[in-house]
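Residues per chain are reported as follows:
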Amino acid sequence: MADKLKLEVITPYGELINEEVDEVYATGAEGDFGVFPGHCSFMTALRIGSLSYKKEGQMNYLFINRGYCEVLNDRVLVLVGSAERVEEIDVERAKAALARAEERLRKAQAGETDIDMARAQAALERATIRIQLATKLIPR
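Predicted, not measured: the structure shown is a model, and the values here were computed from it.

K.L.:
How do you make sense of the pairing of strand E3 (residues 23-28) when you look at a structure like this?
P.N.:
Two faces belong to every sheet, and in a regular strand the side chains alternate between them. Counting buried positions along E3 yields 5 of 6 residues, so the element is predominantly enclosed. As defined by bridge partners, E3 adjoins strand E5 (residues 42-55) across 5 bridges and the pair is classed as antiparallel. Its bridge partner lying in E5, Gly28 is registered against Leu46. Across 5 bridges, E3 lies against strand E4 (residues 31-35) in antiparallel orientation.

K.L.:
Please clarify how the nonpolar core should be interpreted in this entry.
P.N.:
In a soluble, globular protein the nonpolar side chains are often hidden away together inside. By size, the foremost hydrophobic cluster in this structure holds 20 residues, and its most contacted members are Leu7, Val9, Val24, Leu46, Leu51, Val76 and Val78. Listing elements by their share of this core, those giving two or more residues are strand E1 (5-11), strand E2 (14-21), E3, E4, E5, strand E6 (58-72) and strand E7 (75-85). Ile48, Phe63, Val86 and Ile129 belong to the second largest nonpolar core, which has 9 residues in total.

K.L.:
Help me understand the pattern of salt bridges, please; the structure alone is not making it clear to me.
P.N.:
Between side chains of opposite charge, a pair can form when the charged atoms approach closely. The full count for this structure, using the stated rule, is 7 salt bridges. Between Asp22 and Lys4 there is a salt bridge, with the nearest N and O atoms lying 2.6 Å from each other. Of this pair, Asp22 sits in the loop between E2 and E3 while Lys4 sits in the segment before E1, placing them 18 residues apart in sequence. Classification of Asp22 as buried rests on a relative accessible area of 19%. Residue Lys4 is classed as partly exposed on the basis of its relative accessible area, which comes to 28%. Between Lys55 and Glu19 there is a salt bridge, with the nearest N and O atoms lying 3.0 Å from each other. Taken together, the residues span a long stretch of sequence, with Lys55 in strand E5 and Glu19 in strand E2 at a distance of 36 residues. By relative accessible area, Lys55 is classed as partly exposed at 26%.

What counts and what doesn't
- Residues numbered from 1 in each chain as written.
- Predicted model: local features only at pLDDT ≥ 70, side-chain atom pairs only at ≥ 80, totals over all residues.
- Heavy atoms only, no water.
- Buried < 20%, exposed > 50% of the residue type's maximum accessible area, 1.4 Å probe, protein only.
- Helix = DSSP H or I, 4+ residues; strand = E, 2+ residues; numbered from the N terminus.
- Pairing = 2+ DSSP bridges.
- Core = buried A, V, L, I, M, F, W, Y, C linked by side-chain atoms within 4.5 Å.
- Salt bridge = Lys/Arg side-chain N within 4 Å of Asp/Glu carboxyl O.

Given below as structure tokens:
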């Protein structure tokens, strides 16, 4: 049994992570999960949330925006629409996105029909999670 996992996080914009790590945790569509070396194989959808991994005793965190995770032979392959390291999150930009999403949802609830509710809800969720991750995990 191997003592490390190969973690690869890939977005349409390129590879964000390609490292040997000790453990991985992610926000699955059916619930959060953890992966350790020797884990059984599986594949799952990922929802908007976080991915964390331990390397050399240190936890590292990413924001992830929907996708898929495959665990196979001590390799964790994560394919997501977008991802960013928590320390790179622009909190002010996320707060502005949150305000825009809240305004779109208010307009939709007031009866404006040209508002895409699903898109507005997803934007709200992305902004909220980015803010939570960045303010909780990175001292500012």
